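These are the residues of each chain, in order.
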Amino acid sequence: MVFALAAGFALAPAAPSWAKTPAARDTQRAAVPKPQQVQSRAGPLKKAKTTLVAFQTAPFPYRGTVPGSAKPFLDVNEDGRRGHTTPYGRLYWEDETYSDSRVLLHLPKGFDVRRPSVMIVFFHGHGATLERDVLRRQRVADQVTRSGANAVLIAPQFAVNAADSSAGRFWEPGAFGRFMGEAAEALAKLHGDPKSVRTFASAPVILVAYSGGYLAAASCAQNGGLNKRLRGVVLLDALYGELGKFASWIENDRSAFFVSAYLDSTREKNSKLAEILSTRDIAYATELDRPLHQGDIALLSGGENVTHRSFVTQAWVDNPIEDLLRRLPGYRR
């Protein structure tokens, strides 16, 4: 990994090795997140467990307002049928787009509740469904399994098959924390050991947002209510906005890591984030060449012959989620 500190538009390496700013020096050697041993009599899972569960605390349905305004999210009502108008003028109906409260849960084969574990929360982008896209096309559960990490996957459904980044209930302060509490109960039930709820309720969390998932990720990082449980944020060609929120989160929690990989569509925003970090004397890397540590920040070019649609499976490396999980050596099955 190569750090850069110089301000400027281009994301170019400025040093041949890890820079040691005061904020980074104390945490450079620490594992991310810090492993915590747990006690349980349950052994490793003999087979993977994957399911879709309806949550009470899911992002949708959502009957609140759009942040920063008094405008109701569902601003259209035609004969009792409610809909939402996106910032680009597209109308989506609640019954078709904003009524799926299901969440994808995945426990890989070999998951061991007795060992330190980490919770991967994946926010899909535009035009997606959990089964067709997150499971089959993007193979997120498969990447978690193949990584060998002692990790679980949680992926809520946002707008169904729609060009909309709305975060729904996750816009509300503390809502993401309540969602993760419900996830702990659902995972314990799926696991089969009721006592494992304590493990799932305290395990560190890493957010992985693809494309339009950035809006929910920014809200959850800023006011989701997880505090120090949120140990990392990963953006996969997703930095379309909310630079202030991401920069503040990075600055305020120098023990967590942040990775943003980009193609042309988000290159400019990543360059602007690099400038913000430089003015705040926060070091960032432009390559990944070693395990992730606390306080690491990486802004990565997505590489050549890579498309936005395939970015969850083909980015700076094939299967980038798997690659990132392999860089957390404290969390092996």
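Data block above holds the structure.
Before going into details, it helps to say that this report is about the structure given with it. (Residues numbered from 1 in each chain as written. Predicted model: local features only at pLDDT ≥ 70, side-chain atom pairs only at ≥ 80, totals over all residues. Heavy atoms only, no water.)

**Details of the side chain of Asp 100**
What counts, and what does not: By the criteria applied, helices consist of DSSP H or I runs no shorter than four residues and strands consist of E runs no shorter than two, each listed in order from the N terminus. Whether a residue is buried, partly exposed or exposed follows from its accessible area with a 1.4 Å probe, protein chains only, as a fraction of its type maximum: under 20%, in between, or over 50%, in that order. In protein, a polar contact means a hydrogen-donor-capable atom and an acceptor-capable atom, both N or O and within 3.5 Å, with residues adjacent in sequence counting only if both atoms are side-chain atoms; elsewhere, any N or O pair within 3.5 Å suffices. In what follows, residue pairs with any heavy atoms lying within 4.5 Å of each other are defined as contacts.
Note that Asp 100 resides in the loop between helix H2 (94–97) and strand E6 (102–107). Accessibility expressed as a relative area gives 16% for Asp 100, which makes it buried. Within the structure, Asp 100 has its side chain in polar contact with the backbone nitrogen of Arg 102 (distance 3.0 Å). Beyond its immediate stretch of four places on either side in the chain, Asp 100 contacts Phe 60, Gln 157 and Val 160.

**Quick word on helix H4 (residues 140–147)**
Put simply, the rule reads: As used here, the arc is the angular range of directions from the helix axis to the C-beta atoms.
Listing the buried residues of H4 in full gives Val 140, Ala 141, Gln 143, Val 144 and Ser 147. Seen along its axis, H4 keeps its buried residues to an arc of 160 degrees; they face one direction. Those residues of H4 that are buried are in contact with E6, strand E7 (118–123), helix H3 (130–137), strand E8 (151–156) and helix H10 (320–326). Directly beyond the C-terminal end of H4, a positive phi value near 80 degrees is found at Gly 148.

**Some thoughts on the pairing of E6**
Put simply, the rule is: When DSSP locates at least two bridges between a pair of strands, those strands are taken to pair.
In terms of burial, E6 is a largely internal element, five of the six residues being buried. Bridge analysis of strand E2 (residues 49–54) against E6 gives six bridges, and the strand direction is antiparallel. Counterpart to Val 53 in the pairing with E6 is Val 103. Where E6 and E8 come together, four bridges link them in antiparallel fashion. Residue Leu 105 lies in a different strand from E8, and its bridge partner there is Ile 154.

**Notes on the sheet that holds strand E5 (residues 91–93)**
The line we're drawing: Only the stretch in contact is used when a helix axis is fitted, and all axes are lines through C-alpha atoms; the angle between N-to-C directions ranges over 0 to 180 degrees.
Strand order across the open sheet formed by three strands is E3-E4-E5, with antiparallel pairing between neighbours. In the strand order of this sheet, the two ends are held by strand E3 (76–78) and E5, each with one partner. Across the sheet, the axes of successive neighbouring strands diverge by a mean angle of 35 degrees, strand direction being ignored. With three bridges joining them, E3 and strand E4 (residues 81–85) adopt antiparallel strand pairing. Paired with Asn 77 across the strands is Arg 82, a residue of E4.

**Concerning the environment of Arg 332**
Note that Arg 332 resides in the segment after H10. We classify Arg 332 as partly exposed; its relative accessible area is 25%. Each C-alpha atom of the pair Arg 332 and Ser 147 lies 8.7 Å from the other, and the pair is 185 residues apart in sequence. The residues contacting Arg 332, other than those within four sequence positions of it, are Arg 115, Ser 147, Gly 148, Ala 149, Asn 150, Leu 325 and Arg 326. At 2.4 Å, the side chain of Arg 332 and the backbone oxygen of Ser 147 are in polar contact.

**Observations regarding the environment of Ala 48**
Relative to the assigned elements, Ala 48 resides in the loop between helix H1 (22–25) and E2. When its relative accessible area of 39% is taken as the criterion, Ala 48 is described as partly exposed. Excluding anything up to four places from it in sequence, Ala 48 contacts His 106, Leu 107, Pro 108 and Lys 109.

**Looking at the side chain of Ser 117**
Relative to the elements of secondary structure, Ser 117 occurs in the loop between E6 and E7. Look at Ser 117 and you get buried, because its relative accessible area is 7%.

**Describing the packing of helix H7 (residues 214–223) against helix H8 (residues 243–252)**
Inclusion rule: Any angle from 65 to 115 degrees is called roughly perpendicular, while one under 35 is roughly parallel, one over 145 is roughly antiparallel, and all others are oblique. Should the near helix be turned counterclockwise from the far one by less than a right angle, the crossing is left-handed, whereas a clockwise turn marks it as right-handed.
Remark: H7 packs on H8, axes separated minimally by 9 Å, with the N-to-C direction vectors making an angle of 40 degrees. When the axis of H7 is compared with that of H8, the two are oblique. For the pair H7 and H8, the sense of crossing is left-handed. Contacts from Tyr 214, Ala 217, Ala 218, Ser 219, Ala 221 and Gln 222 of H7 reach H8 at Lys 245, Phe 246 and Trp 249.

**Quick word on the packing of aromatic side chains**
We apply this condition: Each pair of aromatic rings taken from Phe, Tyr and Trp, with Trp reduced to its six-membered ring, is defined by centres within 6.5 Å and is described as stacked if the planes are under 30 degrees apart, edge-to-face if over 60, and tilted in the remaining cases.
Following the criterion strictly, the structure yields 17 aromatic pairs and no others. Taking 5.2 Å as the distance between ring centres and 45 degrees as the angle between the ring planes, the aromatic pair formed by Phe 55 and Phe 179 counts as tilted. In this pair, Phe 55 sits in the loop between E2 and E3 while Phe 179 sits in helix H5 (residues 175–191), placing the two residues 124 residues apart along the sequence. Comparing Phe 55 with Phe 179 shows no difference in burial state: the two are buried. Ring plane angle 80 degrees and centroid distance 5.8 Å describe the contact between Phe 158 and Phe 170, whose orientation is recorded as edge-to-face. Taken as a pair, Phe 158 in the loop between E8 and H5 and Phe 170 in the loop between E8 and H5 lie far apart in primary sequence, twelve residues in all. Here Phe 158 falls in the buried class, since its relative accessible area comes to 4%. The rings of Phe 55, Phe 123, Phe 158, Phe 170, Phe 176 and Phe 179 are connected pair by pair, giving a single aromatic cluster.

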